[in-house]
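# Observations on the model geometry
Letter by letter, the chains look like this.
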Amino acid sequence: MSGIKIAILVAFIALASSYETSPSFSSDGAIDMCQPCVAFADTNLQPLYQTLSGNTPPTTCSGLCSTIKDAFAQQICLYLCQNPQPSPSTMFTAVKRAGPSQDSIYFCESLNQICPVVNGGAAVINSTYVTPSTGGVNTVFKVQVIFTVTSATGTGQVLLTVTPPGTSVKPFSYDYFNEGFAVDSYSAKFEIPMTPQLPTGNYTGIVQICSGTCGLTNPGEATLAQSSIKFTVR
Ligand SMILES: *[C@@H]1O[C@H](CO)[C@@H](O)[C@H](O)[C@H]1NC(C)=O
Ligand SMILES: *[C@@H]1O[C@H](CO)[C@@H](O)[C@H](O)[C@H]1NC(C)=O
């Protein structure tokens, strides 16, 4: 069992370090199963939920996890279901709770707190800058957000949602996953690369600091702070 665990951790260290190229803050969780769990759930929570909603749902961890085709994801499924001890009911309850809203963070929080849960987190956004405020079609707009956590938070996201002018391109978003912030000030940076395929005109955006998944309302989830940005592409 410990051999599998090490293999999983090593594979995700490489993945995590590629994430670290852009976030300018680091979460406390150096190596743990929270982020691997969320990555697993992003792909597999919905199929697992469908399996458990079927006519003859499995009743064991191996029965549930064997419905996942990808061998590596299957191992993570077994790890999540069997730690700290084989506990299909914890896993099955988490899938049933978080499945309908496809809420990967809530799923991992429900699993013996694989992702940390902290109630009562609070934050304020001190400032939000975009540079440049106006640029051409190949500009990379840089957004910097300074925020202060006034009461420690649990697992959550810092999310930037950008709305282009007109209706030809849907809003798009960038998010930083985190496993909770201690009381302190932080800076987060986003880069929005423009391409000639994107429309010119006035763009707006919203930065949100969320407990849990931004925009969802499962227990413990809330938008702790929010601010808006705008920039123009000419
Ligand atoms: C941000 O705002 C909070 C609350 O107003 C304040 O306590 C904190 O000192 C500010 N931090 C910075 C870096 O400006
Ligand atoms: C974009 O915003 C500027 C000022 O913020 C305004 O003068 C201009 O009319 C806007 N352009 C469009 C196409 O809405």
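Residues numbered from 1 in each chain as written. Chains lettered and ligands numbered in written order. Predicted model: local features only at pLDDT ≥ 70, side-chain atom pairs only at ≥ 80, totals over all residues. Heavy atoms only, no water.

### So, the sheet that holds strand S8 (residues 222-233)
Spatially, 5 strands are ordered S2-S8-S7-S4-S5 in an open sheet, and the strand pairing comes out mixed. What marks the edges here is a single partner per strand, and that holds for strand S2 (134-135) and strand S5 (172-178). Here strand S4 (residues 156-163) runs beside strand S7 (residues 201-211); their pairing, made up of 7 bridges, is antiparallel. Of the residues in S7, the one forming a bridge with glutamine 157 is cysteine 210. (Pairing = 2+ DSSP bridges. Helix = DSSP H or I, 4+ residues; strand = E, 2+ residues; numbered from the N terminus.)

### Some details on the nonpolar core
Grouped together as the largest cluster of nonpolar side chains are 32 residues, with contacts concentrated most on Cys37, Phe40, Leu48, Leu80, Met91, Phe107 and Leu111. Looking at this core, the elements with two or more residues in it are helix H2 (34-52), helix H3 (61-65), helix H4 (71-82), helix H5 (88-98) and helix H6 (104-110). Here this core takes 8 residues from H2, the largest share from any one element. Setting aside residues no more than four positions away along its own chain, leucine 48 makes contact with Phe40, Leu64, Thr67, Ile68, Met91 and Val95. (Core = buried A, V, L, I, M, F, W, Y, C linked by side-chain atoms within 4.5 Å. Buried < 20%, exposed > 50% of the residue type's maximum accessible area, 1.4 Å probe, protein only. Contact = heavy atoms within 4.5 Å.)

### Points about the state of the cysteines
Scanning the model with the defined rule gives 5 disulfides in all. Two residues, cysteine 34 and cysteine 115, share a disulfide whose sulfurs are 2.0 Å apart. Across the S-S bond linking cysteine 34 and cysteine 115, the dihedral sits near 105 degrees, which makes this disulfide right-handed. Separated by 81 residues along the polypeptide, cysteine 34 in helix H2 and cysteine 115 in the loop between H6 and strand S1 (122-131) bring together distant segments of the chain. Disulfide partner of cysteine 61: cysteine 81, at an S-S distance of 2.1 Å. With the S-S dihedral at roughly -75 degrees, the linkage between cysteine 61 and cysteine 81 falls on the left-handed side. Pair noted here: cysteine 61 is in helix H3 and cysteine 81 is in helix H4, with a separation of 20 residues, a long-range link. For the residue pair cysteine 61 and cysteine 81, the accessibility class agrees, reading buried in each case. When the bonded cysteines of the chain are numbered from the N-terminus onward, they pair as 1-8, 2-7, 3-6, 4-5, 9-10. (Disulfide = S-S within 2.5 Å.)

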